[in-house]
Amino acid sequence: MPPPPRRRGGARGGRGGKRPGSPYTVRNMSDGRPPRATQEQGQEPQIHATPAAHSKPPLVVEGQKPYSDMKGILHPGLLEGVDAMGFKFMSPVQEKVFSELPSLSSDCLVQAKTGTGKTAAFLLPAIQNLLSGNRPPRGGVAILVICPTRELALQIAKECQDITARLPQKLECHTAFGGTQRASSLKRFVTGNPSILVATPGRLDDILGEKEVRERLQGLKTLVLDEADRMLDAGFAPAIHKILKRLPPKSDGWQGMCFSATLPERVNDVVKCVLFPGYTSLSTIDPNEAPTVARVPQFFVSLTSIKQTFSALLAVLQKEHESNPDDFKVVVFGTTANGVGMLYDLCKVALPQFRTFELHSRMSQNARTRTTNEFKEAPSGILIASDVVGRGMDFPNVSLVIQLGLPSDAEQYVHRVGRTARAGRDGRAVIILFSNESFFIHTNPSLPIKPYPTDIVAELPKYQPLVEKSFPRVDEVAKAKAYQAFLGYNKTYLKKLRLQPKELVQVANDYAYAMGCPEPPMIDKKVVGKMGLKGVPGIRIGSTY
Ligand SMILES: Nc1ncnc2c1ncn2[C@@H]1O[C@H](COP(=O)(O)OP(=O)(O)OP(=O)(O)O)[C@@H](O)[C@H]1O
């Protein structure tokens, strides 16, 4: 039985208000210079406006308070700003923050589902706070937002720019993230008047080494950790702690705000570094409910062999397209950047009828920003992506999310699913796992993932010829890199996959055969050593690229 046709946001009727149709620019540590026509390597990235309001139904459900109720609490310029963005009513998390925070400058830990307006829920109180007289001297940063990825930093800065666009006095929002020229952007920052700074941890930590930058942050009023659980996990926590050491001490009284769709228990132990004891904890999620959006039917396809991976991906894409040809904007998540590069090459060859996009950390920042903008504006198409856009990114109208391979944890699964069904729309999600990865479904029973409604596996032989015909046209180096990345990624999950190193190599070799490789690509001796796979039979030592 094919999946039923989907309804998209229409039941809520009406559309959001008008948004300007021209591209917005976000300054990257700049002081308001006009947008560039093209983007040169290392120069300021620009992010385009989310497409005009005609594609954007309101996020709100009946019974939410209108923003007009905030007269006298929010600055009239901010109210005009949100109105121009099409925000007539507060989303539940926005309403909760305004009604339940003891004051707009209170410390808080806030959880709400993906795509429900958390960005405005932290920007509005923080900016209002700044406007109410809590402004540091000229050139000082009042609001610092730290988030995990460059794309997200640009997106948050753009939303900040939209929100503040109608204020009588311009507030400069700067960004700081890697992949852009450090010296010139730093100069713009220290010579500008940056009231708000949106940054990723690596570059922020780096520029805080400069005395002038530290001085700019001495009057900090609000620190926001967006995707707080990610910012405080083992990967980012060391950088965050280093950053905190160079900011004014918490005892200076700055406000701490931590936001995420997922806040696992362990976060409570670490948020103390930015929140005072007694902080307000807010959630719009019932504790017995899964933190995925209820409107997203979620399915899994369990493969008997890794060899079926590619035919399964093509099968799911084609099936989903057949059932909803007019509503087909898809994000496919792979597990590694090189794996994503190869999948993109495959899809480009095998599915020429669709517009395909690729986005991962091995691309230049310019290419990443360009693809982000293009996919935001595309009415349909397939984005093959790694986790650089797994959290926070707001690509309008994504109708389907496919995850190919094991997510690192339940939180990552939830955030990826959250790229669909945003701002009140509907969406679907499918995860494709091979037998050893299927434990993910059983070990996360709270996730509402059901078997895919049709027996995809039985139909795979139909799709195999397309895989076999397409792979000879995919670059051999891309395949070799994907193979190596597959081994490296899965090596870290050996125990969970219930595989011995030798068995993993066999699985990886099957993956290579499925890509049409006559024999497994060679791997450099040093790399094999680093992976801890030295001496494991089945690996071919040598150099492929
Ligand atoms: N009050 C509102 N009315 C209409 N649209 C809104 C409102 N608030 C936010 N939106 C829109 O909803 C979409 C999702 O918002 P946002 O990106 O802030 O979600 P989020 O909760 O931060 O998601 P994630 O958990 O993925 O980071 C955006 O397109 C935003 O412009």
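Each chain has its residues counted from 1, following the order in which its sequence is written. A pLDDT threshold of at least 70 governs which residues receive local features in this predicted model, and a stricter bar of 80 or more applies before side-chain atom pairs are shown or counted, although totals over entire chains, interfaces and linings include all residues. In computing side-chain properties, one takes all heavy atoms of the structure into account and sets aside hydrogens as well as water.

To keep things clear, this is the line we draw: UniProt positions are given in the numbering used here, feature names are shortened, and annotations may be inferred rather than shown by experiment.
In the nomenclature of an unreviewed UniProt entry, the chain is known as ATP-dependent RNA helicase of Karstenula rhodostoma CBS 690.94. What the UniProt record of the chain gives under Sequence similarities (unreviewed entry) is the line "Belongs to the DEAD box helicase family." You can read under Function (unreviewed entry) in the UniProt record for the chain the words "RNA helicase."

Notes on the packing of aromatic side chains
The condition that has to hold: Working definition: a ring pair exists when centres of Phe, Tyr or Trp rings (six-membered ring for Trp) sit within 6.5 Å. Plane angles under 30 degrees give stacked, over 60 give edge-to-face, the rest tilted. A helix here means a DSSP run of H or I that spans at least four residues, while a strand means a run of E at least two residues long, and both kinds are numbered starting from the N terminus. Buried residues are those whose accessible area, probed at 1.4 Å on protein chains only, stays under 20% of the maximum for their type, while exposed residues exceed 50% and partly exposed ones sit between those limits. Two conditions define a charge sitting above a ring: the NZ of Lys or the CZ of Arg must be within 6 Å of the ring centre, and it must be within 35 degrees of the ring normal.
Evaluation of the coordinates by the stated rule reveals ten aromatic pairs. Ring centres 5.8 Å apart and planes at 80° place the aromatic pair Phe299 and Tyr452 in the edge-to-face group. Here Phe299 is found in strand β8 (residues 298-303), whereas its partner Tyr452 is found in the loop between β14 (449-451) and α16 (456-470), with 153 residues between them in sequence. Look at Phe299 and you get buried, because its relative accessible area is 11%. Exposure remark for Tyr452: the relative accessible area of 7% places this residue in the buried category. With a centroid separation of 5.1 Å and 65° between ring planes, the pair formed by Phe357 and Phe375 is classed as edge-to-face. Residue Phe357 is found in strand β10 (residues 356-359), and its partner Phe375 is found in helix α13 (residues 365-377); the two are separated by 18 residues along the sequence. Take Phe357 and Phe375: they sit in the same class, and that class is buried. The rings of Phe310, Phe471, Phe486 and Tyr511 are connected pair by pair, giving a single aromatic cluster. Across from the ring centre of Phe276, 4.6 Å away, lies the NZ or CZ of Lys250, which sits over that ring.

Observations concerning the layout of surface pockets
This is how the line gets drawn: Using only the protein atoms, space was sampled on a 1 Å grid; points where a 1.4 Å probe fits but cannot get out form cavities, open sets with protein on both sides within 12 Å along at least five of seven lines form pockets, and lining residues are those with an atom within 4 Å of a point. Grid points are joined across faces, edges and corners, and a volume is the space filled by probe spheres set on the points. Any residue outside Ala, Val, Leu, Ile, Met, Phe, Trp, Tyr, Cys, Pro, Asp, Glu, Lys and Arg is labelled polar, Gly included; the first ten of those are nonpolar and the last four are charged.
What the largest pocket holds in volume is close to 740 Å³. Along its surface, the largest pocket is lined by 25 residues, and Arg230, Phe236, Asp387, Val388 and Gln412 are the ones closest to its centre. Taken together, the elements giving at least two residues each to the lining of the largest pocket come down to α8 (228-231) and α14 (410-417). Ranked by residues supplied to the lining of the largest pocket, first place goes to α14 with three residues. Of the residues that constitute the lining of the largest pocket, the class distribution is six nonpolar, eight polar and eleven charged.

Focus on helix α5 (residues 182-191)
The condition that has to hold: The contact rule is simple, with two residues in contact once any of their heavy atoms fall within 4.5 Å.
Every buried residue of α5 is accounted for by Ser185, Leu186, Arg188, Phe189 and Val190. Check the buried side of α5 and you find it contacts β3 (172-176), β4 (194-199), α6 (201-207) and α7 (211-216).

Focus: the sheet that holds strand β2 (residues 143-146)
Operational definition: By this definition, two strands are paired if DSSP reports at least two bridges between them. Simply put, an axis is a line fit to the C-alpha atoms, just over the touching stretch for a helix, and the angle between two N-to-C directions goes from 0 to 180 degrees.
Ordered by their spatial adjacency, seven strands build an open sheet running β3-β4-β2-β5-β6-β1-β7, and the pairing between neighbours is parallel. Edge positions in the open sheet fall to β3 and β7 (280-283), since each of these has one partner strand only. Taking each pair of neighbouring strands and ignoring which way they run, the sheet shows an average axis angle of 15°. Here β2 runs beside β4; their pairing, made up of four bridges, is parallel. When the bridges of β4 are listed, Ile146 appears paired with Ala199. This element, helix α2 (residues 92-100), spans β1 (108-111), β6 (255-260) and β7 of the sheet and lies at about 150° to β7.

Side note on the site of the ligand
What counts is decided by this rule: Any residue with a heavy atom positioned within 4 Å of a molecule or strand is treated as near that molecule or strand. The definition of a polar contact used here is a pair of N or O atoms within 3.5 Å, where within protein one atom must be able to donate a hydrogen and the other to accept one, and adjacent residues in sequence count solely through side-chain atom pairs. All accessible areas in this document rest on Shrake-Rupley with a 1.4 Å probe, and a residue is counted as covered only by the protein chains that are shown.
Neighbouring the ligand are 20 residues; Phe89, Lys118, Thr119, Asp394 and Arg422 lie closest to it. Contact distances for the ligand include 2.8 Å between a nitrogen atom and a backbone N or O atom of Phe89. In this structure, Thr119 approaches the ligand through a side-chain N or O atom, which is 2.7 Å from an oxygen atom. Protein contact buries 97% of the 640 Å² of open area that the ligand shows by itself. In the shell around the ligand, the residues fall into five nonpolar, eight polar and seven charged.

Thoughts on helix α12 (residues 337-350)
Our working definition: Expected span, for any helix, means 1.5 Å times one less than how many residues it has.
Between its first and last C-alpha, α12 extends 20 Å over 14 residues, near the 20 Å set by a 1.5 Å rise per residue. Most of α12 sits inside the fold, with 13 of its 14 residues counted as buried.

Let's talk about the pattern of salt bridges
If charged atoms from side chains of opposite charge come close, those side chains can pair. Inclusion rule: Within this document, salt bridges are pairs made up of a side-chain nitrogen of Lys or Arg and a carboxyl oxygen of Asp or Glu, the two lying within 4 Å of each other.
Summed over the entire model, instances satisfying the criterion amount to 25 salt bridges. In this structure, the salt-bridge partner of Arg230 is Asp233, at a minimum N-O distance of 2.6 Å. Residue Asp233 is classed as partly exposed on the basis of its relative accessible area of 22%. Taken together, the salt bridges that share partners define one network made up of Arg182, Arg203, Asp206 and Glu210.

Remarks on the packing of helix α17 (residues 476-491) against helix α19 (residues 501-514)
Heads up, the condition is: Here the word oblique covers every angle except those under 35 degrees (roughly parallel), over 145 (roughly antiparallel) and from 65 to 115 (roughly perpendicular). Crossing handedness follows the turn of the near helix against the far one: under a right angle anticlockwise gives a left-handed crossing, and clockwise gives a right-handed one.
Axis separation between α17 and α19 bottoms out at 10 Å; the angle between their running directions is 150°. With respect to each other, α17 and α19 are oriented roughly antiparallel. For α17 against α19, the interelement crossing comes out right-handed. On α19, the residues touching Ala482, Tyr483, Phe486, Leu487, Asn490 and Lys491 of α17 are Leu504, Val505, Val507, Ala508, Asn509, Tyr511 and Ala512. Here the contact of α17 with α19 is composed, by residue class, of ten nonpolar, two polar and one charged.

Focus on the sheet that holds strand β13 (residues 428-434)
Reading across from one edge, β10-β11-β9-β12-β13-β8-β14 is the order of the seven strands in this open sheet, with parallel pairing throughout. Strands at the two margins of the open sheet, each flanked by one partner only, are β10 and β14. Strand-to-strand twist across the sheet, computed as the mean angle between neighbouring axes with direction ignored, equals 25°. In the sheet, strand β12 (residues 400-404) pairs with β13 via five bridges, with the strands oriented parallel. For Gln403, the partnering residue across the bridge sits in β13 and is Ile431. Running over the sheet, α12 touches β10, β11 (381-385) and β12 and is turned about 175° from β10. The sheet strands contacting α14 are β8, β9 (329-333), β12, β13 and β14, and the helix crosses β12 at an angle near 150°.

Considering the nonpolar core
Heads up, the condition is: Note on terminology: a nonpolar core comprises buried Ala, Val, Leu, Ile, Met, Phe, Trp, Tyr and Cys residues joined through side-chain atoms within 4.5 Å.
Ranked by internal contacts, the top residues of the largest apolar core, which has 79 residues, are Phe310, Leu317, Ile402, Leu487 and Met515. Those residues in contact with Ile402, other than ones at most four positions away along the chain, are Leu313, Val316, Leu317, Val330, Val331, Val332, Phe333, Val430 and Ile432. Formed by 62 residues, the second largest nonpolar core is a distinct cluster that contains Phe87, Leu124, Ile127 and Val331.

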